[in-house]
Amino acid sequence: MELTHIEHLGIAVKSIEACLPYYEGVLGLKCYNIEEVADQKVKTAFFKVGQTKIELLEPTSEDSTIAKFIEKKGEGIHHLAFAVEDGVQNALTELEGKGVKLIDKAPRKGAEGLNIAFLHPKSTIGVLTELCEKPE
Ligand code: ZN
């Protein structure tokens, strides 16, 4: 397994629209994509900083994990996503072999068509960690 870079940082927010004056107006970033990921009950907005993206996550339902996160911890950094080379599935197999607890045993489709999988924060020192790769 090789991590090549930080693909994105996921940030839980109550409202993407309410964040735009800060991300666009203050920081001068450009939101280049807003997309709903129905099975995760979130709306996502993307900004690029170099090769790393910022992914804002807005819950679309009260039972969304993002809604629960905001209720418990407030808005803020939700997860760290690494880009992996040679496959998310290979990485999961390797990490599981090293005793890492997985949330996703197999890759699934995330925003922007990436193959993604989450590692359990109990095994990642409190940081919800995502692995991603562009599909071949
Ligand atoms: Zn993510």
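Residues numbered from 1 in each chain as written. Predicted model: local features only at pLDDT ≥ 70, side-chain atom pairs only at ≥ 80, totals over all residues. Heavy atoms only, no water.

### Things to note about the overall build of the chain
Working step 1: Looking only at helices and strands, the chain has three helices and eight strands in total.
Working step 2: Listed by position from the N terminus, the elements making up the chain come as β-α-β-β-β-α-β-α-β-β-β.
Working step 3: The C-alpha atoms of the chain give a radius of gyration of 15 Å, which matches the 14 Å a tight globule of 136 residues would have.
Working step 4: In the chain, the share of contacts with a sequence separation of at least 24, taken over all contacts with a separation of at least 6, comes to 51%.
Working step 5: Roughly 7,600 Å² of accessible area belongs to the chain as shown, and the carbon and sulfur atoms make up 54% of that amount.
Working step 6: Taken together, the 16 basic and 22 acidic charged side chains of the chain have centroids lying 5 Å from each other. (Helix = DSSP H or I, 4+ residues; strand = E, 2+ residues; numbered from the N terminus. Rg over C-alpha atoms; globule rule 2.2 N^0.38 Å. Contact = heavy atoms within 4.5 Å. Areas by Shrake-Rupley, 256 points an atom, 1.4 Å probe, with all protein chains shown as cover. Lys, Arg positive; Asp, Glu negative; His and termini not counted. Charge placed at Lys NZ, Arg CZ, Asp CG, Glu CD.)

### Regarding the sheet that holds strand E8 (residues 129-133)
Working step 1: The sheet built from eight strands is open, its strands ordered E2-E3-E4-E1-E5-E8-E7-E6 with mixed pairing. The sheet is open, and its two borders are formed by strand E2 (31-37) and strand E6 (108-109), each paired with just one other strand.
Working step 2: Relative to strand E7 (residues 115-119), E6 runs antiparallel, the two being bridged by two bridges. If you follow Lys109 over to E7, its bridge partner there is Asn115. (Pairing = 2+ DSSP bridges.)

### Some remarks on the packing of aromatic side chains
Working step 1: Scanning the entire structure with this criterion turns up three aromatic pairs.
Working step 2: Look at Tyr22 and Tyr23: their rings are 5.0 Å apart centre to centre, the planes differ by 80 degrees, and that puts the pair in the edge-to-face class.
Working step 3: The residue whose ring lies beneath Lys48 is Tyr32, and the NZ or CZ to ring-centre distance is 4.7 Å. (Phe/Tyr/Trp six-rings, centres within 6.5 Å; stacked < 30°, edge-to-face > 60°. Lys NZ or Arg CZ within 6 Å of the ring centre and 35° of its normal.)

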